[in-house]
Amino acid sequence: MPLDLAVSRRQILFLLSGAALAAGPTPVTAAEARIGRLIVESRGKGAISQRIDFISGALRGTRYQGDTLIGGPRRSEKFVVRDDAFDCVTFCETVLAAAIAGNRVEFDSILQAVRYHNGIVSWRERNHYFFEWSQHNVDNRTCRWIRIDGAVDIEKTVSSQAGLSKRQFAMRVIPTAAFLANKSKLERGDIVGFVSRRADLDYFHVGFIAFDKTGALLLRHASQSRRRVLDERMEQFVAVNGARYVTLLRPQEPRAVALKE
């Protein structure tokens, strides 16, 4: 379904969550000119899966850079918007927000709601762990879980982020053999998270599902080792990195939630 929503500003502020984002802080920007152009160009691409595929594909070659966000336990959080460099999570959330947004003005509010719990720009409200990122973006109806037969339940107690209390996650995960065997259930633009083998970390990487012209399954991601956004054969990535489990999210068409008077 094409995204061509004529919604009011008040609806946009409530687009992804039931809590007001208000005007929000002024974002820290860097070389973000492509975002507005890609939002406009993606409007005619059809469903959100196709828009994600188009926008993420256009950003291939963008350099990898970690630690682009600004803030800490004792440092004021700044809302960062940039498209000149990504880590794996900022790549996914930037593309997702651009695919949802109807124009460049809407993009900042949507990215804010995707990146922060209830859209509150605060270091402690930032979705530091990807499991929380996923759950919060399911709760606000930006995404839904994809379930595949063979999934198993695991638990993790994570403590890898300095300044954060320990988190206990009950995770339903998909063995990589089942994931690779169910390629037909996947769509371009699905988000795949790779569960870490470390006991104190939930995920070690994240990216988008893509396919090449022959139908081969690809991972489109911001690669730390390759230092850029690129497509990689999924089987190769899983094998090289020893990935045992994944989780899958499917982005959803946005629903504007009107503000109650």
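Since this is a predicted model, take the numbers as computed values, not measurements.

A word on the overall build of the chain
The helix and strand tally for the chain stands at eight helices and 14 strands. When burial is assessed residue by residue, the chain has 53% of its 261 residues classed as buried. For the chain, the accessible surface area stands at approximately 12,200 Å², while carbon and sulfur atoms represent 48% of it.

Looking at the pairing of strand E11 (residues 203-211)
By the criterion of burial, E11 is predominantly enclosed, with eight of the nine residues buried. As paired elements, strand E10 (residues 191-195) and E11 share five bridges and run antiparallel to each other. Each bridged residue has a counterpart across the sheet, and for Val-195 the counterpart in E11 is Tyr-203. The hairpin formed by E11 and strand E12 (residues 217-223) contains five residues between the paired strands, and Gly-215 there has a positive phi angle of roughly 90 degrees.

As for the pattern of salt bridges
For the structure on display, the rule yields 18 salt bridges. Between Glu-187 and Arg-250 there is a salt bridge whose closest N-O contact spans 3.6 Å. Separated by 63 residues along the polypeptide, Glu-187 in the loop between helix H7 (176-181) and E10 and Arg-250 in strand E14 (residues 245-251) bring together distant segments of the chain. A residue is classified by how much of its surface remains accessible, and Glu-187, at 34% relative accessible area, is partly exposed. Owing to a relative accessible area of 11%, Arg-250 belongs among the buried residues under this scheme. One salt bridge in this structure joins Asp-231 and Arg-220, with 2.7 Å as the shortest N-O distance. Pair noted here: Asp-231 is in strand E13 (residues 228-233) and Arg-220 is in strand E12, with a separation of eleven residues, a long-range link. Overall, Asp-231 belongs to the partly exposed group, its relative accessible area being 26%. Judged by its relative accessible area of 5%, Arg-220 is buried. One salt-bridge network, in which partners are shared between bridges, spans Asp-53, Arg-60, Arg-188, Arg-220 and Asp-231.

Some words on the packing of helix H3 (residues 48-58) against helix H4 (residues 88-100)
Where H3 contacts H4, the two axes come as close as 9 Å, and the packing angle between them is 125 degrees. Between H3 and H4, the crossing angle belongs to the class labelled oblique. Pair H3 / H4 crosses with right-handed handedness. Where H3 approaches H4, its residues Ile-48, Arg-51, Ile-52, Ile-55 and Ser-56 are matched on the opposing element by Phe-91, Val-95, Leu-96, Ala-98, Ala-99 and Ile-100. In the contact of H3 with H4, the residues fall into nine nonpolar, one polar and one charged.

Overview of the environment of Arg-141
With respect to the helices and strands, Arg-141 occurs in the loop between helix H6 (130-139) and strand E7 (143-145). The exposed category is assigned to Arg-141, whose relative accessible area is 56%. Taking C-alpha positions, Arg-141 is 6.9 Å from Gln-252, a pair spaced 111 residues apart along the chain. Non-local contacts of Arg-141, meaning those with residues more than four positions away in its chain, are made with Gln-252 and Arg-255.

Focus: the nonpolar core
As a rule of thumb, nonpolar side chains are buried together in soluble globular proteins. Counting 48 residues, the largest nonpolar core has Phe-91, Phe-107 and Ile-191 as its most contacted members. Per-element accounting of this core gives the leading share, nine residues, to H4. Setting aside anything within four residues of it in sequence, one finds Phe-91 in contact with Ser-56, Leu-59, Phe-86, Phe-208, Arg-220, His-221, Ala-222 and Val-229. If you look at the next biggest cluster of nonpolar residues, it comprises 19 residues, including Val-192, Leu-217, Ala-243 and Leu-248.

Brief notes about the confidence of the model for the chain
For the chain, per-residue confidence averages 88 on the pLDDT scale, and 86% of positions sit at 70 or higher. Every residue in residues 1-20 is under pLDDT 50, and counting partners more than four places away or in other chains gives 49 contacts.

Description of the side chain of Asp-83
Among the structural elements, Asp-83 can be located in the loop between strand E5 (80-82) and strand E6 (85-86). Reaching out from Asp-83, the side chain makes a polar contact with the backbone nitrogen of Ile-35 at a distance of 3.1 Å.

Conventions we followed
- Residues numbered from 1 in each chain as written.
- Predicted model: local features only at pLDDT ≥ 70, side-chain atom pairs only at ≥ 80, totals over all residues.
- Heavy atoms only, no water.
- Helix = DSSP H or I, 4+ residues; strand = E, 2+ residues; numbered from the N terminus.
- Buried < 20%, exposed > 50% of the residue type's maximum accessible area, 1.4 Å probe, protein only.
- Areas by Shrake-Rupley, 256 points an atom, 1.4 Å probe, with all protein chains shown as cover.
- Pairing = 2+ DSSP bridges.
- Salt bridge = Lys/Arg side-chain N within 4 Å of Asp/Glu carboxyl O.
- Axes fitted to C-alpha atoms, helices over the stretch in contact; angles between N-to-C directions.
- Parallel < 35°, antiparallel > 145°, perpendicular 65-115°, else oblique.
- Left-handed = near helix turned anticlockwise from the far one by under 90°.
- Contact = heavy atoms within 4.5 Å.
- Nonpolar A, V, L, I, M, F, W, Y, C, P; charged D, E, K, R; others polar.
- Core = buried A, V, L, I, M, F, W, Y, C linked by side-chain atoms within 4.5 Å.
- pLDDT = per-residue confidence, 0-100.
- Polar contact = N/O pair within 3.5 Å; in protein donor to acceptor, adjacent residues only side chain to side chain.

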